[in-house]
Structure formats: structure tokens, C-alpha cells
Amino acid sequence: MRTVSSLSYIYVNIVVLRNRLKRPDMLRQRVCAGVKQAFVFQRLVYPNSTVTAVIEQDTGDGITETECIFGLIFKELIRSSRVQRQGLFKSLLSLFGADGIDDEPSLTIIGATKKSSQKKLSIAEQIPLLQFATQILGFLPYNSAQDPLFIIYNISGVTALQGAQFLDEFAVFTCADRYDSENHSEDDLERAAKAANPSKTKFAAIVNEPSFDLRNFGDICLKASSLVLLLRLKSYLKKAFNLSDTRIMEYLPSQKEKPFDKGISASQGVPMFDSRLETLSIDGSFSKDAVIRLYAEFRRLMRTVEVSHAALGEENEDQEDNRVHSKKRKLDHAENSGSENEVSDDEE
């Protein structure tokens, strides 16, 4: 796997450096093009291996060190410019699309003839590319808190819109009373997902009904898996860089970088970002167990986001109450002090 990653690393270096000499302003765009080409490169050269953007090294003392294959490019050519960094992050996140993953995207095939250079990808074929993109965003060598905050900020925008749409679409399939379509709490399919064979439990009775449209439900799960990757990435960055809900909610891309934002690095004790996804469909046939597990994770992650927002709202309300009470105490103190002064004057 290290060999696969290293080959991609060399290829992208060539793509980026060559275009940097010709058009410095095109550096960011060429890095993104290089990312896609590196993905295609691995798929072509190693069709039986999983595409990866990470090099893992065993240090010999039980610790595994990870390095993004684009890490050196990021450090030497992009990290010094905030505009370039943010442009790169937005370009990678644009793969997920404002309206969901594309129904018919294309990738340029290396070495193909002009007529066959564009390969149309199915939704299922796009998922590995999205996994590749989230690996890059998860393992780049950030040294400013502004970077993970910017990524989280943009992920929140994508998931807020698309997440609500997917919840509504899922609700069409799970509209019975025993299912919570508004995602306030765990539903029966989420309970089923905890079992080794979810579809065989009593909680998954709905997916075994003759009228249940497994293909359409599976298609929605397939599309929702892109948000699962983003929500996992958001959770990982938050933990790895010790970012509080308040810090995340108060962040704005336009704000200036603060001294304490600099020199950060990912915490060592945080579990490594996991971009792996279970295969939902084989030869066009969806696995009931797999789609139930994906559905359950999606709802749980979406609920975590909502809980964080609710907790922050309560925290802000408490802070506002404290400010009001503090102001009231000061006014009471001032009034009492004034009354005491009046008494003293009368006594004189």
C-alpha cells in the first residue's frame, strides 16, 4: 500500500510543479486536478487494491505514524498562503456538490485516447473518490486552527442542507409511528443495526415487507454515505484539534488569524480518521444489513450535530442570563449605595 501511495505522490508532484512554473495562479486548480489524477492512477495501476491518500509507517514501538501523500506539496507550496489553503479545501469539498454527489460525473483517464478520455462514473463509483478526498483533508499537516475550522465551517453548510433532504427522503420509507422521522431519537432500524444481522431482528420488520422498495432505499443510502464521510471528518477534526462547539459556531472565514491559532497539530491520542465504508451493493443488489447500518450511522451522526447546536444554544442562553443577572446586581448595588449616601446626608 505504501508503494501505491508513493507512486501517486510522485505523479502529483510532477503535475503540480510543472504547472506552477507556467501559471503560478493555477497552482490550486492543478493540485485538485492532480488529486483526481492520482486517484485514477491508483485505480488503473492497482485495480485490486484500495485507493489511499495515506502512507502508514510502523515506528517499531507500537505506534503507527501517518502521512498524507500530498503533505509535502501542501507544506512547501500552499500552507504559507491562506487564500491558497482555503481555495484547496473548497475545491476538494466541491467534489461532494452543493446538491449532492453528481449523477453522471466524469474523470479524465490517463493515457486514454481523446474520444475515450472521459469516463462516466456511477454514484457507487464516486464513493471511493470521496473517501480519497476526505483522507486528504483528514491527514494534511495543518499548523493553524483556521484550517480545520474552515473545513468544518464548509462541511456544516453542506450537511445542513443535504442532511435535512436525506432525512425527509428516508422518512418516506420509515413513516410508521414506531420510526422517528424527525431524528429526535433512536428509531427501530438504528436498534436493528446494533445486531450482527440487522435485517433478521424484529426491529427491521419494515425492510422485509413485500412493499418495501429496497432498491430506492439503497440508492438514498448510497448518496447519504457521502455525508457520512463528511460528518466523520468533521467529528475527527473537532477532536484532533481540540475545537469546542463554541469555537466552531463563532468561527467566520473572514476573521483574522489569531496568535493562538498558530503552531497547532493533531492530538496523538485521538483515533485515526476512518474513511472506510461497507459495500452497500454488489452487482446491483443491495444488502439489507449494509444499508441498515449505513442508515443508522447517518441518523446518529446527524443527531450529534443537532445536539451540539442545541447545547451551544443553551450555553449562550446561560451566558446571557448571567450577564443580565450581573447587570441587575450592579444596578441594585448602585441603588443601595445611593440610598446609604442619602441617609448619611440626612444624619449630618
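Everything discussed here concerns the structure shown above.
Definitions and limits used
Residues numbered from 1 in each chain as written. Predicted model: local features only at pLDDT ≥ 70, side-chain atom pairs only at ≥ 80, totals over all residues. Heavy atoms only, no water. Helix = DSSP H or I, 4+ residues; strand = E, 2+ residues; numbered from the N terminus. Buried < 20%, exposed > 50% of the residue type's maximum accessible area, 1.4 Å probe, protein only. Contact = heavy atoms within 4.5 Å. Areas by Shrake-Rupley, 256 points an atom, 1.4 Å probe, with all protein chains shown as cover. Salt bridge = Lys/Arg side-chain N within 4 Å of Asp/Glu carboxyl O. Axes fitted to C-alpha atoms, helices over the stretch in contact; angles between N-to-C directions. Parallel < 35°, antiparallel > 145°, perpendicular 65-115°, else oblique. Nonpolar A, V, L, I, M, F, W, Y, C, P; charged D, E, K, R; others polar. Expected span 1.5 Å × (residues − 1). Bend = angle between axes of the 7 residues up to and from the residue. Left-handed = near helix turned anticlockwise from the far one by under 90°.

Visitor: Please explain the overall build of the protein chain as it appears in this structure.
Guide: For the protein chain, the helix and strand inventory stands at 10 helices and 6 strands. When burial is assessed residue by residue, the protein chain has 43% of its 348 residues classed as buried. Put simply, of all contacts in the protein chain between residues at least 6 apart along the chain, 77% involve residues at least 24 apart. Working note: accessible area of the protein chain is about 19200 Å², and carbon and sulfur atoms make up 50% of it.

Visitor: How should I be thinking about the pattern of salt bridges in this particular structure?
Guide: A side chain with one charge can pair with a side chain of the opposite charge if their charged atoms come near. Counted under the stated rule, the structure contains 12 salt bridges. The partner of Lys238 in a salt bridge is Asp245, and the shortest N-O contact between them spans 2.4 Å. With a relative accessible area of 23%, Asp245 lands in the partly exposed category. In this structure, the salt-bridge partner of Arg247 is Asp261, at a minimum N-O distance of 2.2 Å. One end of the pair, Arg247, is in helix H9 (residues 245-250); the other, Asp261, is in the loop between H9 and strand S5 (281-282), and 14 residues separate them in sequence. Asp261 gets classed as buried once you look at its relative accessible area, which sits at 0%. Connected through shared salt-bridge partners, Glu186, Asp188, Arg191 and Lys194 make up one network.

Visitor: Help me understand the packing of helix H5 (residues 123-139) against helix H8 (residues 214-240), please; the structure alone is not making it clear to me.
Guide: Angle between the axes and distance between the axes: these two values describe a pair of packed helices. One way to put it is that H5 packs onto H8 with a least axis distance of 10 Å and a crossing angle of 10°. For the element pair H5 / H8, the angle class is roughly parallel. Note on element contacts: H8 touches H5 through Leu222, Lys223, Ser225, Ser226, Leu229, Leu230, Leu233, Tyr236 and Leu237, opposite Ile123, Ala124, Ile127, Leu130, Gln131, Thr134, Leu137 and Gly138. Split by residue class, the contact of H5 with H8 holds 11 nonpolar, 5 polar and 1 charged.

Visitor: Is there a simple way to think about helix H6 (residues 146-173) in this case?
Guide: The α-helix advances 3.6 residues per turn, and as a result positions three or four apart in sequence lie on the same side. An ideal rise of 1.5 Å per residue puts 40 Å on 28 residues; H6 measures up with 40 Å between its terminal C-alpha atoms. Taken as a whole, H6 carries its principal kink of about 25° at Thr159.

Visitor: I keep staring at the packing of helix H4 (residues 82-93) against H6 and nothing clicks. Help me out?
Guide: Where H4 contacts H6, the two axes come as close as 10 Å, and the packing angle between them is 35°. The chirality of how H4 crosses H6 is right-handed. Here Arg82, Arg85, Gln86, Phe89, Lys90 and Leu93 of H4 lie close against H6, whose contacting residues are Gln146, Asp147, Phe150, Ile151, Asn154 and Ile155.

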